[in-house]
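# Summary of structural features
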Amino acid sequence: KLLLRLFDATGGVVQIDGQDVSSITQNSLHDCMSLVPQGPILFHRSIIENIRYGKPEATNEEVIEAAKAAHCHEFITGLSDGYTTLVGERGVKLSGGERQRVAIARAILRDAPILLLDEATSALDSESEMLIQRALETVLVQGKTVIAIAHRLSSIRNCDIIHVMDKGSIVDSGSYDELINTSIIFQKLVNS
């Protein structure tokens, strides 16, 4: 919420590329970010409209390509109305994994330079998690700065830098392999 400036910091500074985010308009800040939250927000509209929300001017072909990259084209085409299927309020007609994949397709279509993943795979079954991980690794994170908040450590295994937090403070930083060998807190997280 601080990074998106939904709240301004009351102490310290949040910076992107050395620039204090409080000196940037929210619109400008949001233009350079895509967010895939733990509980994605879908509208009572069609699947194609929900994906296109990431880039309103996108063509149908661009939306379908994003859906294919997010591994949701398969389930969408299996629905009776395909891409024009209404998802219900907050996406209730889709499973959790399907909603997450639609949210990832939206982020792929948006193609913003900064990607925020807030517990994006925490409540998913292993098959959905695998498909989402594949989408993240193959398409979504290429050439992007990715900030991933995660308790499920399998989702951050390939991150360049992992910051381990305890009681609101960063207590260790490094790659997965470095932390597994040096950080007692990280080792406990992995083994829990």
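On a predicted model such as this, the values are computed, not experimentally measured, just so you know.

Cut-offs applied
- Residues numbered from 1 in each chain as written.
- Predicted model: local features only at pLDDT ≥ 70, side-chain atom pairs only at ≥ 80, totals over all residues.
- Heavy atoms only, no water.
- Helix = DSSP H or I, 4+ residues; strand = E, 2+ residues; numbered from the N terminus.
- Rg over C-alpha atoms; globule rule 2.2 N^0.38 Å.
- Buried < 20%, exposed > 50% of the residue type's maximum accessible area, 1.4 Å probe, protein only.
- Contact = heavy atoms within 4.5 Å.
- Areas by Shrake-Rupley, 256 points an atom, 1.4 Å probe, with all protein chains shown as cover.
- Lys, Arg positive; Asp, Glu negative; His and termini not counted.
- Charge placed at Lys NZ, Arg CZ, Asp CG, Glu CD.
- Axes fitted to C-alpha atoms, helices over the stretch in contact; angles between N-to-C directions.
- Parallel < 35°, antiparallel > 145°, perpendicular 65-115°, else oblique.
- Left-handed = near helix turned anticlockwise from the far one by under 90°.
- Core = buried A, V, L, I, M, F, W, Y, C linked by side-chain atoms within 4.5 Å.
- Pairing = 2+ DSSP bridges.
- pLDDT = per-residue confidence, 0-100.
- Expected span 1.5 Å × (residues − 1).
- Phe/Tyr/Trp six-rings, centres within 6.5 Å; stacked < 30°, edge-to-face > 60°.

What follows is about the overall build of the protein. When its secondary structure is counted, the protein shows eight helices and seven strands. Taking 2.2 N^0.38 as the reference for a compact globule, 192 residues should give roughly 16 Å; the C-alpha atoms of the protein span a radius of gyration of 18 Å, in line with that estimate. Split into buried and exposed, the 192 residues of the protein put 40% on the buried side. Restricting the contact set of the protein to residue pairs at least 6 apart, pairs at least 24 apart contribute 62%. For the protein, the computed accessible surface area is about 11,000 Å², with 51% contributed by carbon and sulfur atoms. In the protein, the 18 positive side-chain charges and the 25 negative ones have mean positions that sit 5 Å from each other.

Orientation of helix α3 (residues 60-69) relative to helix α5 (residues 96-110), taken along the N-to-C sense of each, is 125°, at an axis distance of 8 Å. Taken together, the axes of α3 and α5 are oblique relative to one another. By crossing handedness, the relation of α3 to α5 is classed as right-handed. Counted together, Glu62, Val63, Ala66, Ala67 and Ala69 of α3 and Ala105, Ile108 and Leu109 of α5 form the full contact between these two elements.

With that settled, consider the nonpolar core. Formed by 30 residues in total, the largest nonpolar core has its most connected members in Val36, Ile47, Ile51 and Ile76. Secondary structure elements with two or more residues in this core: α2 (47-52), α3, α4 (73-77), α5, β4 (114-118) and α6 (126-140). Here this core gets seven residues from one element, more than from any other, and that element is α5. Excluding residues within four positions of it along the chain, isoleucine 76 makes contact with Ile47, Ile51, Ala67, Gly82 and Tyr83.

What follows covers the sheet that holds strand β3 (residues 33-36). One open sheet accounts for three strands, arranged β3-β4-β5; its pairing is parallel. At either end of the open sheet lies a strand with only one pairing partner, and these are β3 and β5 (145-149). Strand-to-strand twist in this sheet, taken as the mean axis angle between neighbours without regard to direction, amounts to 15°. In this sheet, β5 lies alongside β4 in parallel orientation, the contact comprising five bridges. Following the sheet pairing, isoleucine 114 is matched in β5 by threonine 145. Seen against the sheet, α5 touches β3 and β4 and runs at an angle of roughly 175° to β3.

Taken over all residues, the pLDDT of the protein has a mean of 87, while the share at 70 or more is 96%. Between the elements of the protein, mean pLDDT differs from a low of 72, seen in α6, to a high of 97, seen in α2.

Further remarks concern α5. In this model, α5 (15 residues) spans 21 Å end to end at C-alpha, consistent with the 21 Å of a helix rising 1.5 Å per residue. Burial of α5 is extensive: twelve of the 15 residues sit out of reach of the surface.

Another aspect to go through is the pairing of strand β7 (residues 169-174). Across five bridges, strand β6 (residues 162-166) lies against β7 in antiparallel orientation. Looking at the pairing, methionine 165 lines up with isoleucine 170 of β7. With antiparallel pairing between neighbouring strands as the criterion, β6 and β7 make up a hairpin whose turn holds two residues, including lysine 167 at a positive phi of roughly 55°.

This part is about the packing of aromatic side chains. Under the definition given, this model contains two aromatic pairs. Considering the side-chain rings of tyrosine 176 and phenylalanine 186, the 5.3 Å spacing of their centres and the 85° angle between planes classify their relative orientation as edge-to-face. Within this pair, whereas tyrosine 176 is found in helix α7 (residues 176-182), its partner phenylalanine 186 is found in helix α8 (residues 184-191), the two being separated by ten residues in sequence. The class for tyrosine 176 is buried, based on a relative accessible area of 11%.

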